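An overview of the molecular structure
So the chains spell out like this:
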Number of protein chains: 2
Amino acid sequence: MQRTQFVKPEEIEKRSMEIIQKELGERTFPEPEYSVIRRCIHTSADFDYADNLYFTPKAVKIGMDALRSGAHIVTDTTMAMAGINKRVLKSFGGEVHCFIGDEDVAREAKERGMTRSAVSMDRAALLKEPLIIAVGNAPTALIRLYDLIQEGRICPVLIVAVPVGFVNVVEAKELILTAGIPCIAARGRKGGSNIAAAVINAMLYAEAQDQ
Amino acid sequence: MQRTQFVKPEEIEKRSMEIIQKELGERTFPEPEYSVIRRCIHTSADFDYADNLYFTPKAVKIGMDALRSGAHIVTDTTMAMAGINKRVLKSFGGEVHCFIGDEDVAREAKERGMTRSAVSMDRAALLKEPLIIAVGNAPTALIRLYDLIQEGRICPVLIVAVPVGFVNVVEAKELILTAGIPCIAARGRKGGSNIAAAVINAMLYAEAQDQ
């Protein structure tokens, strides 16, 4: 194999985005939503995200503004936490939290007969707002979040609702879309921690470019 | 929405696997390869993995045996590291390593004009074998790994070659498949850190069930 076939690493992202744009063909999307769609396709090589990503009005703009003002993020998985660009987030004053591995969360989940993901949302409700909640794995996190919102115990500025899976996932995403909170959701089965991180990073990078 | 629509969390994985089996219809796959295919679909809700996953002869069996004997894993991303079930891995005596965030790796990458991902493979070559290398993001990691294998500086027991993307990715995966090392690859553009973790976890869980 000729090594000259390989593109220089610093040019890869630019070339990748050009390929995505080209393969989307005639389809156009408004900004800043398009920057989120593009990054989700970039992170998965899956063009389904051009169809399944759903945005409540101005959700991306609201997320970008919140990140700029130093909003913290709570996510349901250590994978999503690992994937979020914490250097850029920190430059705006934000931090990312994940309670899934905490021993007291595990203990409380057992005592209350809930999942650790659900109890994690109770922990999120104790944090100072504004908060962005990013769910990449657990439908039970979204269901618990819905209840906490109904009870007035949490009011996220934005919910990123992109759990992946075959059971409870579609229903949980449709439920959270009725909560009356700005939301970016991957409708249907697809999503994941990588997609949760991609949505957040797209908003962070759009912010960074604006500066 | 009726909450009774929701399936109990402990039943979700079983139900999910049944749905995947059903939707694959008449298609059958041999074990233990099928357990890897199934978990990749489970983690992405993307049935393309039934077609694009490629296994060199006995690659999954080799990986399972290596994990059972306490093989360590090196991965190119903190997301894949976060997604690998370290509790089960540790029960076999294994550990997972990721050098991408190390300051000396960043420094050396700058000095040598390489990517941090590529230098990470040089670090992997210093570890005690047997090693499994799992690449979910960086084609440059696979290219560097190929060179190190050619130079006789590393001989992984298994390579999980599942970077995702539009540029260099297909070429790097095809290159590593010529290295003469057992390999599990997602051919084409798709893959990712979530898929790298899913492949490793499938082998860990198959092991755990065997015990």
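Summarised in this report is the structure supplied together with it. (Residues numbered from 1 in each chain as written. Chains lettered and ligands numbered in written order. Predicted model: local features only at pLDDT ≥ 70, side-chain atom pairs only at ≥ 80, totals over all residues. Heavy atoms only, no water.)

**Quick look at the pairing of strand E6 (residues 183–186) of chain A**
All names here are of chain A.
- Neither face of E6 is exposed, since Cys183 and Ala185 on one face and Ile184 and Ala186 on the opposite face are all buried.
- Here strand E1 (residues 53–55) pairs with E6 via three bridges, running antiparallel. Paired with Phe55 across the bridge in E6 is Ile184.
- Pairing geometry for strand E5 (residues 158–161) and E6, over three bridges, is parallel. Paired with Ile159 across the bridge in E6 is Cys183.
- With helix H10 (residues 169–176) bridging E5 and the parallel E6, this β-α-β connection has right-handed handedness. (Buried < 20%, exposed > 50% of the residue type's maximum accessible area, 1.4 Å probe, protein only. Helix = DSSP H or I, 4+ residues; strand = E, 2+ residues; numbered from the N terminus. Pairing = 2+ DSSP bridges. Right-handed = clockwise from strand over helix to strand, strands pointing away.)

**A closer look at the pattern of salt bridges**
- One pass over the structure, following the stated rule, counts 34 salt bridges over all chains.
- A salt bridge links A:Arg27 to A:Asp51; the shortest N-O distance between them is 3.0 Å. Remark: A:Asp51 occurs in helix H3 (residues 49–52) and A:Arg27 occurs in the loop between helix H1 (9–24) and helix H2 (33–44); sequence separation between them is 24 residues.
- With its nearest N and O atoms 2.4 Å apart, the salt bridge here joins A:Arg189 to B:Glu23. Within this pair, whereas A:Arg189 is found in the loop between E6 and helix H11 (193–210), its partner B:Glu23 is found in helix H1 (residues 9–24), the two belonging to separate chains.
- The class for A:Arg189 is partly exposed, based on a relative accessible area of 26%.
- Overall, the relative accessible area of 41% leaves B:Glu23 in the partly exposed class. (Salt bridge = Lys/Arg side-chain N within 4 Å of Asp/Glu carboxyl O.)

**Some words on helix H10 (residues 169–176) of chain B**
All names here are of chain B.
- Residues of H10 that are buried include every one of Val169, Ala172, Lys173, Leu175 and Ile176, and no others. For H10, the arc enclosing every buried residue in end-on projection is 160°, short of the 170-degree limit, so these residues lie on one face.
- In this structure, the buried side of H10 is in contact with helix H9 (139–150), strand E5 (158–161) and strand E6 (183–186). (Arc of directions from axis to C-beta. Contact = heavy atoms within 4.5 Å.)

**Some remarks on the sheet that holds strand E2 (residues 72–75) of chain B**
Residues and elements named next belong to chain B.
- In space, the six strands of this open sheet follow the order E1-E6-E5-E4-E2-E3, with mixed pairing throughout. Lying at the two open borders of the sheet, with one neighbouring strand each, are strand E1 (53–55) and strand E3 (96–97).
- Of the strand pairs in this sheet, strand E4 (residues 131–135) and E5 are connected by four bridges, and their pairing is parallel. Across the sheet, residue Ile132 finds its bridge partner in E5, namely Leu158.

**Things to note about the interface of chain B and chain A**
- Contact with chain B, which involves 39 residues of that partner, is made by 40 residues of chain A.
- Summed over both partners, the interface of chain B with chain A buries about 3400 Å², with 68% contributed by carbon and sulfur atoms.
- On the surface where chain B and chain A come into contact, there are four salt bridges.
- For the pair chain B and chain A, the interface holds three residue pairs in polar contact (both at pLDDT 80 or more).
- Breaking the side of chain B that touches chain A down by element, the ones donating at least two residues are H1, helix H2 (33–44), helix H5 (78–83), H9, H10 and helix H11 (193–210) of chain B. (Buried area = accessible area lost by both parts, 1.4 Å probe. Polar contact = N/O pair within 3.5 Å; in protein donor to acceptor, adjacent residues only side chain to side chain.)

**As for the packing of H1(A) against H2(A)**
All names here are of chain A.
- Contact geometry for H1 and H2: axes closest at 10 Å, N-to-C directions at 105°. Between H1 and H2, the angle is such that the two are roughly perpendicular. From H1, Glu13, Ser16, Met17, Ile20, Gln21 and Leu24 reach across to H2, where they touch Tyr34, Arg38, Arg39, Ile41 and His42.
- For the contact of H1 with H2, a count of residues per class yields five nonpolar, three polar and three charged. (Axes fitted to C-alpha atoms, helices over the stretch in contact; angles between N-to-C directions. Parallel < 35°, antiparallel > 145°, perpendicular 65-115°, else oblique. Nonpolar A, V, L, I, M, F, W, Y, C, P; charged D, E, K, R; others polar.)

**Some words on the environment of B:Ala161**
Residue and element names in this part refer to chain B.
- Structurally, Ala161 is set in strand E5.
- The sequence separation of Ala161 and Arg187 amounts to 26 residues, and the corresponding C-alpha distance is 8.7 Å.
- Beyond its immediate chain neighbours, meaning those up to four positions away, Ala161 contacts Val135, Leu142, Lys173, Ile176, Cys183, Ile184, Ala185 and Ala186.

**What about unusual backbone geometry?**
- Omega for the bond connecting B:Glu31 with B:Pro32 falls within 30 degrees of zero, at 5°, which places this linkage in the cis form.
- Considering the arrangement of structural elements, one finds B:Pro32 in the loop between H1 and H2.
- Of note, the amide linkage connecting B:Glu129 to B:Pro130 takes the cis form, showing an omega dihedral of 5°.
- In this fold, B:Pro130 is placed in the loop between helix H8 (116–124) and E4.
- With a phi angle near 60°, A:Lys58 is a residue other than glycine that sits in the positive phi range.
- Checked against the element boundaries, A:Lys58 lands in the loop between E1 and helix H4 (59–68).
- Classification of A:Lys58 as exposed rests on a relative accessible area of 61%.
- One non-glycine residue, B:Asn168, adopts positive backbone phi at about 75°.
- As for its position among the elements, B:Asn168 is in the loop between E5 and H10.

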